[in-house]
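So the chains spell out like this:
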Amino acid sequence: MPRPPAARGGRRVDLHSHTIFSDGALAPEAVVALAVERGLAALAITYHDSVEGVPRAREAAGSAIELVPGIEVSSMLDGLDLHILGYYLDPADDELLETLARFRTERLDRALQMVERLTALGVPVDRDQVLALAGPGVVGRPHVAEALLRAGHVETMDDAFRLFLGAQGPAFVQRPAFRPEQAIALVHAAGGVSVLAHPGAGLSERVVEHLATARLDGIEVWHPQHGMASVRRYHALAAKLGLIETGGSDFHDQGRGVDLGELPVPASVLGPLKQAAGVPG
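Here's a quick rundown of the structure. (Residues numbered from 1 in each chain as written. Predicted model: local features only at pLDDT ≥ 70, side-chain atom pairs only at ≥ 80, totals over all residues. Heavy atoms only, no water.)

Looking at the packing of aromatic side chains
The geometry of an aromatic ring pair is captured by two quantities: the separation of the ring centres and the angle between the planes.
Here is step 1: Scanning the entire structure with this criterion turns up two aromatic pairs.
Here is step 2: Relative to Tyr47, the ring of Phe21 lies with its centre 5.7 Å away and its plane at 75°, an arrangement referred to as edge-to-face. Here Phe21, found in the loop between strand E1 (13-14) and helix H1 (28-37), pairs with Tyr47, found in strand E2 (residues 42-48); they are 26 residues apart in sequence, far enough to count as distant. Assigned by exposure class, Phe21 and Tyr47 land together as buried.
Here is step 3: For the ring pair Phe103 and Phe178, a centre distance of 4.9 Å and an interplane angle of 85° mean the geometry is edge-to-face. (Phe/Tyr/Trp six-rings, centres within 6.5 Å; stacked < 30°, edge-to-face > 60°. Helix = DSSP H or I, 4+ residues; strand = E, 2+ residues; numbered from the N terminus. Buried < 20%, exposed > 50% of the residue type's maximum accessible area, 1.4 Å probe, protein only.)

Rendered as structure tokens:
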């Protein structure tokens, strides 16, 4: 496969990707190999509410590519589903691991409740299949959606969320409250840099300003959900609020969404991230 063209001013980085340890399809080693093949300067693998795959990714990266340890922490603010990315955090931090262990239990309970609701709605899915789809990672709605797809109840993953698992869907189960301010504090306590993931086109500037007062460090400017207008908007907002700019493909699998390294995220974004984290280089 041909490499994506380099970002303006140099090589690209991809600071948002997933593997089998969250809801991605590939092992950490395969994602790292793909990043090396495409000539990326650095890669961050940002598991949903998990850091379990970080050691494997680090070992696979070796000296071939710079591996940024990361996480994507789920949170809610006044009904908004907000995700906080953490970069250069310590994956062995005790408070972080205790919180993630609680999240794992909560996510499992939530998934099983959704399976029960789907059964009551006459669209049953196999409980064991949902857990198997999660593999070594944290179970979540995408795994329930995949089970719905495999059972023939929906034609696409989007249909699964639109008809059943979205916030207004009849099988939706709300997660226990965890606010973005808590997520930011959790990342900082583990020595990491906090970044708002995929704010999207419609997020109120007031929300970002609120998070900035809670010591948010950065914002994801480049993301598949962001057209050029959103990229310009968040570039300007980052400058206004003094936030670090990051970005990535939100890669889950080849042929599913934007591919790894496709977005023009310049390697120059690593400098401010490292400075904020106190990482040499």
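Concerning the sheet that holds strand E7 (residues 244-247)
Here is step 1: Taken in spatial order, the seven strands line up as E1-E2-E3-E4-E5-E6-E7 in an open sheet, and their pairing is mixed. In this open sheet, the two strands that pair with only one neighbour each are E1 and E7.
Here is step 2: The sheet contact formed by strand E6 (residues 218-222) and E7 spans four bridges and is parallel. Bridged to Trp222 within E7 is Gly247.
Here is step 3: Sheet contacts for helix H7 (residues 180-189): strand E3 (66-77), strand E4 (80-87) and strand E5 (193-196); angle to E3, the most-contacted strand, approximately 155°. (Pairing = 2+ DSSP bridges. Contact = heavy atoms within 4.5 Å. Axes fitted to C-alpha atoms, helices over the stretch in contact; angles between N-to-C directions.)

Quick word on the pairing of E6
Consecutive side chains along a regular strand alternate between the two faces of the sheet.
Here is step 1: Most of E6 is tucked away, with five of its five residues classed as buried.
Here is step 2: Inspection of the sheet shows E5 paired to E6 by two bridges, in the parallel sense. Counterpart to Leu196 in the pairing with E6 is Ile219.
Here is step 3: Between the parallel pair E5 and E6, the chain is carried across by helix H8 (residues 205-213), and the sense of this crossover is right-handed.
Here is step 4: Tracing the backbone out of E6, into helix H9 (residues 228-241) and back to the parallel element E7 gives a crossover that is right-handed. (Right-handed = clockwise from strand over helix to strand, strands pointing away.)

Remarks on the environment of Tyr88
Here is step 1: Of note, Tyr88 is situated in the loop between E4 and helix H3 (94-120).
Here is step 2: Residues Tyr88 and Ala41, spaced 47 residues apart in sequence, show a C-alpha to C-alpha distance of 16 Å.
Here is step 3: Excluding anything up to four places from it in sequence, Tyr88 contacts Glu66, Val68, Pro69, Gly191, Gly192, Leu270, Leu273, Lys274, Ala277 and Val279.
Here is step 4: A polar side-chain atom of Tyr88 sits 3.3 Å from a polar atom in the side chain of Glu66. (Polar contact = N/O pair within 3.5 Å; in protein donor to acceptor, adjacent residues only side chain to side chain.)

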